[in-house]
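# Residue-level structure breakdown
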Amino acid sequence: LGDRSENKSETTDKEGRKWQTQTWRWPVSAAQPGSFEARGQQEWFRCRHDLFNQLVAESSHQLAIKPGVLTVTNLPDEGRPADFTGLIGPLEASAVIERPRIAAGEGTIFTLTLKGPQVGLGKRPTLTLPPGVQAYAKDDNEEKTGERHFRWDLVPANAGEIILPALSFPYFDPVSHSYQRASSPALTMTVLPGRSRELIVSGEITPKKN
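Overview of the structure.

Cut-offs and rules
Residues numbered from 1 in each chain as written. Predicted model: local features only at pLDDT ≥ 70, side-chain atom pairs only at ≥ 80, totals over all residues. Heavy atoms only, no water. Phe/Tyr/Trp six-rings, centres within 6.5 Å; stacked < 30°, edge-to-face > 60°. Helix = DSSP H or I, 4+ residues; strand = E, 2+ residues; numbered from the N terminus. Buried < 20%, exposed > 50% of the residue type's maximum accessible area, 1.4 Å probe, protein only. Lys NZ or Arg CZ within 6 Å of the ring centre and 35° of its normal. Pairing = 2+ DSSP bridges. Axes fitted to C-alpha atoms, helices over the stretch in contact; angles between N-to-C directions.

Taken as a whole and judged by the stated rule, the model has three aromatic pairs. An angle of 35 degrees between the planes, with centres 5.7 Å apart, marks the rings of Phe 110 and Trp 152 as tilted. With a gap of 42 residues between them, Phe 110 in strand E7 (residues 108-115) and Trp 152 in strand E10 (residues 147-156) connect regions that are remote in the sequence. Trp 152 shares its class with Phe 110; the two are buried. Members of the aromatic cluster, joined through ring pairs, are Phe 84, Phe 172 and Tyr 179. The residue whose ring lies beneath Arg 124 is Trp 152, and the NZ or CZ to ring-centre distance is 4.7 Å.

Rendered as structure tokens:
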């Protein structure tokens, strides 16, 4: 899961020769329990400096990579929440209202953001809103690895202070080996009275005949 990262450094062997090292890392995850092994080969070159101080390969060699073993166990049943969907921590939840101060009848966008290694397993929560507030779900997306957004168009019909409740997501914390929850904060939206409009009818009114 996620993008590969790499790191370069230098070291010196026991003969005083300097070596450059490069390390690649991949975040991985397994959907099923079991034992998994990663292996392969790495090609390396013996080089020398030419007259222009440029590295020139003299020979190439194949070096077997020491296998790495990953053991995956089942998640514990004890303490598992009923709404657990498989999210693994660490997990963060945050929320924001695009325009927290609007007039009745206008709309604004409410965005809930999840950050974590497996946010793709998160399900869109159900919003519990006060009467008079309509919510229209928009397409959710994962704009970048490890970050997912759920969006709603909110349209309040009445003026007043509207509280958008906190939303929580259960996840398994591999450090404490327990189930935890990541919660977004409750938000307040101020709705001002909408502008009244007068309806003007012009022309002669002809009474209906019985």
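In the segment running from Gly 89 into Pro 90, the intervening peptide bond is cis, with an omega of 5 degrees. Non-glycine residue His 177 carries a positive phi angle of around 55 degrees. Residue placement: His 177 occurs in the loop between strand E12 (168-173) and strand E13 (178-183). For His 177, a relative accessible area of 60% corresponds to the exposed category.

A few words on the sheet that holds strand E14 (residues 187-192). Pairing in this open sheet of three strands is mixed, and the strands run E6-E14-E11 from one edge to the other. Since the sheet does not close on itself, it has two edges, and those belong to strand E6 (101-103) and strand E11 (160-164), each with one partner. Here the average twist between neighbouring strands, direction ignored, is 30 degrees. Examined bridge by bridge, E6 and E14 share three bridges and lie parallel to one another. Its bridge partner being in E14, Ile 102 is matched across the sheet by Val 191.

Interpretation in functional terms is not warranted from these geometric data alone.
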